[in-house]
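Below, each chain spelled out in residue letters.
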Amino acid sequence: MIILGINDGHDASACLIQDGRLICYSAEERRLNIKNYAGIPKASINAILKKTAINPRDIDAVALSSKIRTTVPTKGHKPIYSVLNFLSSLARSETATSMGRYLLSHLRKRKELLTWLAENNMANVNLLTIDHHLTHAACAHFHRPWPDDALILTLDGAGDGLCATVNIGRGNKIETISRTPKFHSPAAWMYSAATAHLGLQPYEHEYKVMGMAPYGRAEYCLDTFKNAFSVQGLKFRNHTGKMGSAIQRYYAKTLYGQRFDNVSAACQKAFEQLMTKWVTNAVQTTGIKKVACAGGAFLNVKANKLIRELEFVDAFYAYPASDDGGTSVGAAIMGYLSMCQQKNSEPELNLPRDMYIGLDFSNQQMEKAIKNASVPYTLMDNPAQQIAELLANGKVVARFDGREEAGPRALGNRSILADPRDLSVFRELNLFGGGGGEESDLLILAIDFEVLEVAGLVPMDIPIDLNLAGVNGFGSFSLLRELPDGTITYDLEAAFQLNSLIFNSDGPTPNVIPEPSSIIAWSLIGLTFAGIGWRRRRLL
């Protein structure tokens, strides 16, 4: 049985499950080099089918990750946003929200999708629509690192008219016991609204607010946020009576004259208090102390840390691809379970325990791509040592290896490596992508290696949330070691077994054509690429 999961809204993506096994995943923004792409993930579907050699006629069902197509107003105002916000402002109760969900789901535009599926030999495929928050819940529940029942929480800006759900997961069943309408979303109308108030891009730059929070003093404007939102039982409540542009005017008035760092600190503090209160109520209500979560709000790792530390939470897991990009995975899972039920067959889910589920390329493909790009290259004799020396000497290295990781965070396979002790490197990183007319050196790496277990390295242990990599726990690792003469160096040999291709070229950075077929730039790895990184000359 073959199920194709599709998210054709914000952060579009596709996922293929065959006989209960997750075969391949692709985020459309990586194929098209368009951040947060919204629409049918055509390139991703084609890439997955090509990679897996699956005939589209053999697909049993296409599962959509929302009943109402999810879009985020980050590309400018459209009249439909005003209409949707007006309807959402009326749907403050769960009853009104349920009516709106029913009506809007029947108005969902499917013509373009159905036409494209028909043109690509999927005209007669079963089309399933899965509730948006159920796809989030499925990602969390079916990837949880324990076999016991789970308290499943979902929270995001909005999806299918809701912003949050509380669920109980037992075996292959997920039971929803509480829903919070979109109007009461603290993620959208508090955190993202505060992000916009600070002049940042909502639904994208919330991590910057979280990053600025430690530098401010929350007490100067904490009451503004605490008075705006609260937790009542298992639901969130918006006490401002406002959303959309009205909530922006509310914050413009109530936060007038407040410093950006104090606003960030207050917003983060209030959000953390809401989250811990909500989790506390959910655990007390259900009696289940193992918590699995998904949805964009659970990308807030500082709030996650506090939830993990609650004394009555025995285990905590947040699905790493908690943004909407991960919903195609949840849709494929629920689609598979639904088809098994229809065919009266026992489901046998076999999901990976890590997030390296995307496309990969062989060394031969990488080398062919580089040769076709006419870029000089050199094979490395001792990759680990040579890369360690590059990093220790202040160079920036791009790593392209194995399968793409799913989710908004780099987990090593598509990552830029640099020495965090050298503050000047941040300026160099910010210059990636050209501009300014400055001459640059080009450093290109295509690395193929297996990540090994790293333990006991000295002298600098870096704390990491292993949950981000799909592992339940918290630990530390180090890429540094001390030599007998006291020199500190990178211990990549201990961390990685490398079989690499390294490419060097001097001269100005070449112009890059922003299209998927281009293989000159790292960001356009798209359908064929190997992997490229840039190194700017040191700025003194």
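Placed above this text is the structure.
So, a few notes on the structure that sits alongside this text. (Residues numbered from 1 in each chain as written. Predicted model: local features only at pLDDT ≥ 70, side-chain atom pairs only at ≥ 80, totals over all residues. Heavy atoms only, no water.)

## Thoughts on the packing of aromatic side chains
Each pair of aromatic rings is reported with the distance of its centres and the angle of its planes. For the record, the criterion: Working definition: rings of Phe, Tyr and Trp (its six-membered ring) pair if their centres are within 6.5 Å, and the pair is stacked with planes under 30 degrees apart, edge-to-face with planes over 60 apart, and tilted otherwise. Secondary structure elements follow DSSP: runs of H or I no shorter than four residues count as helices, runs of E no shorter than two count as strands, and numbering proceeds from the N terminus. Residue burial is assigned from relative accessible area. The probe radius is 1.4 Å, only protein chains are included, and a residue is buried under 20% of its type maximum, exposed over 50%, and partly exposed in between.
Under the counting rule described, the total for this entry stands at 4 aromatic pairs. Seen from their ring centres, Phe236 and Trp278 are 4.8 Å apart, and the 50 degrees between their planes marks the pair as tilted. Taken together, the residues Phe236 in strand S10 (residues 235-238) and Trp278 in helix H11 (residues 260-286) connect sequence positions 42 residues apart. Taken individually, Phe236 and Trp278 each receive the classification buried, so the pair is uniform in this respect. Each member of the aromatic cluster is reached from another via a ring pair, and the members are Phe225, Tyr250 and Tyr251.

## A look at the environment of Lys269
As a reminder of what qualifies: The contact rule is simple, with two residues in contact once any of their heavy atoms fall within 4.5 Å.
With respect to the helices, strands and loops of the structure, Lys269 is situated in helix H11. By relative accessible area, which is 38% here, Lys269 ends up partly exposed. Distance in space between the C-alpha atoms of Lys269 and Pro214 is 9.9 Å, their sequence separation being 55 residues. Setting aside anything within four residues of it in sequence, one finds Lys269 in contact with Ala218 and Leu222.

## Some words on the sheet that holds strand S7 (residues 162-170)
Basically, it comes down to this: Here a strand pair is declared whenever DSSP counts at least two bridges between the two strands. Under this scheme, a helix contributes an axis fitted over its contacting stretch, all axes are lines through C-alpha atoms, and angles between N-to-C directions fall in the 0 to 180 degree range.
Here 5 strands make up an open sheet; going across it, the order is S8-S7-S6-S11-S12 and the pairing mixed. Bordering the open sheet on either side are strand S8 (173-181) and strand S12 (315-318), each of which pairs with just one other strand. The mean inter-strand angle of the sheet, taken between neighbouring strand axes irrespective of direction, is 20 degrees. Most of the contacts of helix H6 (residues 132-142) go to strand S6 (residues 150-159), to which it runs at about 140 degrees, and overall it touches S6, S7, S8, strand S11 (290-294) and S12.

## Brief notes about helix H5 (residues 111-119)
Keep this limit in mind: The arc in question is the one traced by the directions running from the helix axis out to the C-beta atoms.
Those residues of H5 that sit buried are Leu113, Trp116 and Leu117. End-on, the buried residues of H5 take up no more than an arc of 100 degrees, which puts them together on one face. Exposed positions of H5 whose direction lies more than 90 degrees from the buried face are Lys111 and Glu119. Where H5 is buried, its residues meet helix H2 (42-52) and strand S4 (61-64).

## Things to note about the nonpolar core
Our working rule: For the purposes of this section, nonpolar cores are sets of buried Ala, Val, Leu, Ile, Met, Phe, Trp, Tyr and Cys residues that join through side-chain atoms within 4.5 Å.
Ranked by internal contacts, the top residues of the largest apolar core, which has 54 residues, are Leu153, Leu155, Phe225, Tyr251, Trp278, Val291 and Phe298. Here the element with the most residues in this core is H11; it accounts for 12 residues. Apart from residues no more than four positions distant in its own chain, Trp278 is found in contact with Leu153, Thr154, Leu155, Ala164, Thr165, Val166, Val231, Leu234, Phe236 and Phe298. Counting 38 residues, the second largest nonpolar core, distinct from the first, contains Ala137, Cys139, Met355 and Ile357.

## Some points on the packing of H11 against helix H12 (residues 301-309)
Definition in use: Less than a right angle of anticlockwise turn of the near helix away from the far helix marks a crossing as left-handed, whereas a clockwise turn marks it as right-handed. Each residue gets one label: Ala, Val, Leu, Ile, Met, Phe, Trp, Tyr, Cys and Pro are nonpolar, Asp, Glu, Lys and Arg are charged, and the others, such as Gly, are polar.
Across the interface, H11 lies against H12 with an axial gap of 9 Å and an inter-helix angle of 35 degrees. The element H11 and its partner H12 pack so that their crossing is right-handed. Along its contact with H11, which presents Gln268, Phe271, Glu272, Met275, Thr276 and Val279, the element H12 presents Lys302, Ala303, Leu306 and Ile307. Taken together, the residues that form the contact of H11 with H12 break down as 6 nonpolar, 2 polar and 2 charged.

## Section: the sheet that holds S4
Overall, mixed pairing links the 5 strands, which are arranged S3-S2-S1-S4-S5 in an open sheet. Edge positions in the sheet fall to strand S3 (21-27) and strand S5 (126-129), since each has one partner strand and no second. With direction set aside, neighbouring strand axes in the sheet form an average angle of 20 degrees. As judged from the 4 bridges shared by S4 and S5, these two strands associate in the parallel manner. Residue Val62 lies in a different strand from S5, and its bridge partner there is Leu127. Along the sheet, H2 contacts strand S1 (2-7), strand S2 (13-18) and S3; its crossing angle with S3, the most-contacted strand, is approximately 140 degrees. Relative to the sheet, helix H13 (residues 327-342) contacts S1, S2, S3, S4 and S5, its axis offset from that of S1 by approximately 140 degrees.

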